Amino acid sequence: MNVPLDDPANLVAYAPTATRPLSVFGAPVEAALVPIRKRRAGRATVDRPAFAPSRAARIVASESCWRGDGLALTPNAFPFARGQRLLWPEEPLREPSAAMWAAAFAWADGKAGAALINNVGAASSIGRAHAHLCAERLPFLGALRERTGPRDLIELPAGVEMVAKDVPFCLLGVRGPAAARALAVVRLAEARLTAAWNVVAQDGASWLLPRRVETPAPSFPLALGAAELWGRWCYVEAAPFAAATAADLEAALVAASCPPLA
């Protein structure tokens, strides 16, 4: 069963207060002032506790607009993208299953949109695995130069190609059909030696950013997530939004991530 492409009636509109275009490593990005995101419970801050009651079960039980194959779809109360909704497993999983990866990737391919996944340690405010399904595309990842990816990291499923972006940090990508990409991402999750990563799927590719630092201050004052990797740098305060420079964002990506693989 495929996740529905039609927009549910209860989507919350993305409404940034202001936006600014910038260029990061020669590719276009957007800084966005989205103060509503300051209201999210469980945001990654210096005083966030080690444990807190999970909100995932309540959200899935009370807000779902679709369910199928062990997955549930809900609106996002604090959107950073157009047409944004959340895909959840009904079971309390910390990482997506291969079926959930495949469903999120297939949705992005079918909608000509994007799927974005964070986990705790890489900007997630909630422990249960979930994917942000966004009904828009951004140009940043597609505009970055790339090279051949490592050949001996995992056994690639049939029809999948691995590439790496030519940037001063580790950013790997896999291209191919959604189900095959999902299997490749599961294998890369097992090969990952960092606790956290960000994943962005768009245009038939899935991009993986292993994480070593969650909040790369002072270059970026918030937890850097898949939205920023996608190309939308979300600020909740006006002053850092207005002061952000391309050099800041480049430094933030390098500080948050790992060295590129040889």
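A brief look at the structure comes next. Throughout this description, residue numbers start from 1 for each chain and increase along the sequence as written. With pLDDT at 70 or above as the cut-off, local features in this predicted model cover only qualifying residues; side-chain atom pairs require 80 or more to be listed or tallied, and sums for whole chains, interfaces and linings still use all residues. To obtain the side-chain values, all non-hydrogen atoms of the structure were used and water was disregarded.

1. Focus on helix α7 (residues 246–256)
Okay, so step 1: Buried within α7 are the following residues: Leu249, Ala252, Leu253 and Ala256. Seen end-on, α7 carries its buried residues on one side only, within an arc spanning 95°.
Okay, so step 2: A contact between two residues is defined here by any heavy atoms of the two lying within 4.5 Å. Comment: elements are numbered from the N terminus, with helices defined as DSSP H or I runs of at least four residues and strands as E runs of at least two. Each element contacted by the buried residues of α7 is listed here: β1 (18–24), β2 (27–33), α3 (140–143), β12 (205–211) and β13 (232–235). For each residue, the accessible area found with a 1.4 Å probe, counting protein chains only, is set against the maximum for its type, and the residue is called buried under 20%, exposed over 50%, and partly exposed in between. As used here, the arc is the angular range of directions from the helix axis to the C-beta atoms.

2. Observations regarding the pairing of β2
Okay, so step 1: Burial runs high along β2: five of the seven residues are buried.
Okay, so step 2: When β1 meets β2, the two strands line up antiparallel, connected through seven bridges. Across the sheet, the residue bridging to serine 23 is proline 28, located in β2.
Okay, so step 3: Taken together, β1 and the strand that follows it, β2, pair antiparallel across an intervening segment of two residues, in which phenylalanine 25 is found at a positive phi of about 50°.
Okay, so step 4: Relative to β13, β2 is paired through four bridges, and the arrangement is parallel. Looking at the pairing, alanine 31 lines up with tryptophan 233 of β13. A pair of strands is considered paired only if DSSP assigns at least 2 bridges between the two.

3. A word on the sheet that holds β13
Okay, so step 1: Pairing is mixed across the open sheet formed by three strands, whose spatial order is β1-β2-β13. The sheet is open, and its two borders are formed by β1 and β13, each paired with just one other strand. Direction aside, neighbouring strands of the sheet carry axes that sit 25° apart on average.
Okay, so step 2: The convention used is that axes are lines fitted to C-alpha atoms, helices contributing only their stretch in contact, and that angles between N-to-C directions extend from 0 to 180 degrees. On top of the sheet, α7 reaches β1, β2 and β13; it is set at about 70° to β1, its chief contact.

4. Focus: the side chain of serine 125
Okay, so step 1: If you trace the backbone, serine 125 turns up in the loop between β6 (114–117) and β7 (131–134).
Okay, so step 2: Apart from residues lying up to four places away in sequence, serine 125 is in contact with Arg40, Ala41, Gly42, Arg43, Arg48 and Arg55.

5. Some remarks on the packing of helix α2 (residues 98–111) against helix α4 (residues 178–191)
Okay, so step 1: Interhelical geometry of α2 versus α4 gives an angle of 135° and a closest axis separation of 8 Å. Compared by their axis directions, α2 and α4 come out oblique. Helix-helix and strand crossings are classified by hand; for α2 and α4 the assignment is right-handed. Contacts between α2 and α4 pair Ala98, Trp101, Ala102, Phe105, Ala106 and Asp109 from the former with Ala178, Ala179, Arg181, Ala182, Val185 and Val186 from the latter.
Okay, so step 2: Under the scheme applied, nonpolar residues are Ala, Val, Leu, Ile, Met, Phe, Trp, Tyr, Cys and Pro; charged residues are Asp, Glu, Lys and Arg; polar residues are all the others, including Gly. The class makeup of the residues in the contact of α2 with α4 is 10 nonpolar, no polar and two charged. An angle below 35 degrees is treated as roughly parallel, one above 145 as roughly antiparallel, one from 65 to 115 as roughly perpendicular, and anything else as oblique. Handedness of a helix crossing follows the sense of rotation of the near helix relative to the far helix, less than a right angle counterclockwise being left-handed and clockwise being right-handed.

The values reported here are purely geometric and, on their own, carry no functional implication.
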